[in-house]
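Observations on the model geometry
The primary structure of each chain is shown beneath.
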Amino acid sequence: MPRISYRPARVFAMQLLYSMEVAGQTAGEALPGVLDSQPIHDDQKKYGMKLVDLVQAHREELDEEIKAASVHWEIDRIAKIDRIVVRIAMVELLYVPDIPTKVAISEAVQIATKFSMEESGSFVNGLLAGFMQKKGIVTKPTKKES
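Residues numbered from 1 in each chain as written. Predicted model: local features only at pLDDT ≥ 70, side-chain atom pairs only at ≥ 80, totals over all residues. Heavy atoms only, no water.

Things to note about the nonpolar core
Core analysis: the largest hydrophobic core is formed by 46 residues, its most contacted members being Met14, Leu16, Val85, Ile88, Val124 and Leu128. When residues of this core are traced back to their parent elements, those giving at least two are α1 (6-23), α2 (27-37), α3 (42-57), α4 (59-69), α5 (80-95), α6 (101-115) and α7 (120-135). Residues in contact with valine 85, not counting those within four places in the same chain, are Met14, Ala108, Ile111, Ala112 and Val124. (Core = buried A, V, L, I, M, F, W, Y, C linked by side-chain atoms within 4.5 Å. Buried < 20%, exposed > 50% of the residue type's maximum accessible area, 1.4 Å probe, protein only. Helix = DSSP H or I, 4+ residues; strand = E, 2+ residues; numbered from the N terminus. Contact = heavy atoms within 4.5 Å.)

This is the structure:
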């Protein structure tokens, strides 16, 4: 896979999934509006669409994992952006083996902090930590660490 900046791809995926959820649209229907609001390189768009497809394909499973990890919160009480960011991180942790664990979590925390509420970063970090512990996911090293 060529070296690309994954953050714009994750933000793109988050915006597309949010638009789909709020407006009740398909990815194809929501895509033009998201692309108009944020131009993105083709390789970033391709990775972002991969994340959207993975989230859509595994949404039921992901939501069950969110419910299990959010012991004191009903899933409907979790901010939509936070749920979407957690879903994206979970699919990266489960289905994208070349993304280091620390990167997936760090990016999720930073995106939640920027686009949601002030305390969202800590909340997302806690949810993902519980999810990783339950799944037995160990930290995959970054390229610098290996």
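There's more to say after this.
A closer look at the packing of aromatic side chains
Applying the stated criterion to the full structure yields one aromatic pair. Aromatic pair tyrosine 6 and tyrosine 47: ring centres 4.7 Å apart, planes at 75 degrees, arrangement edge-to-face. Taken together, the residues tyrosine 6 in helix α1 and tyrosine 47 in helix α3 connect sequence positions 41 residues apart. For the pair formed by tyrosine 6 and tyrosine 47, the shared burial category is buried. (Phe/Tyr/Trp six-rings, centres within 6.5 Å; stacked < 30°, edge-to-face > 60°.)

A few points about the pattern of salt bridges
In this structure the tally under the stated criterion is eleven salt bridges. Between arginine 10 and glutamate 107 there is a salt bridge whose closest N-O contact spans 3.6 Å. Separated by 97 residues along the polypeptide, arginine 10 in helix α1 and glutamate 107 in helix α6 bring together distant segments of the chain. Each member of the pair arginine 10 and glutamate 107 is classed as buried. Glutamate 64 is the salt-bridge partner of lysine 67, the closest N and O atoms lying 3.4 Å from each other. Of the two residues, lysine 67 and glutamate 64 both sit in helix α4, three residues apart, roughly one turn of that helix. Look at lysine 67 and you get partly exposed, because its relative accessible area is 42%. Linked by salt bridges that have partners in common, Glu21, Arg59, Asp63, Arg83 and Arg87 make up one network. (Salt bridge = Lys/Arg side-chain N within 4 Å of Asp/Glu carboxyl O.)

Interpretation in functional terms is not warranted from these geometric data alone.
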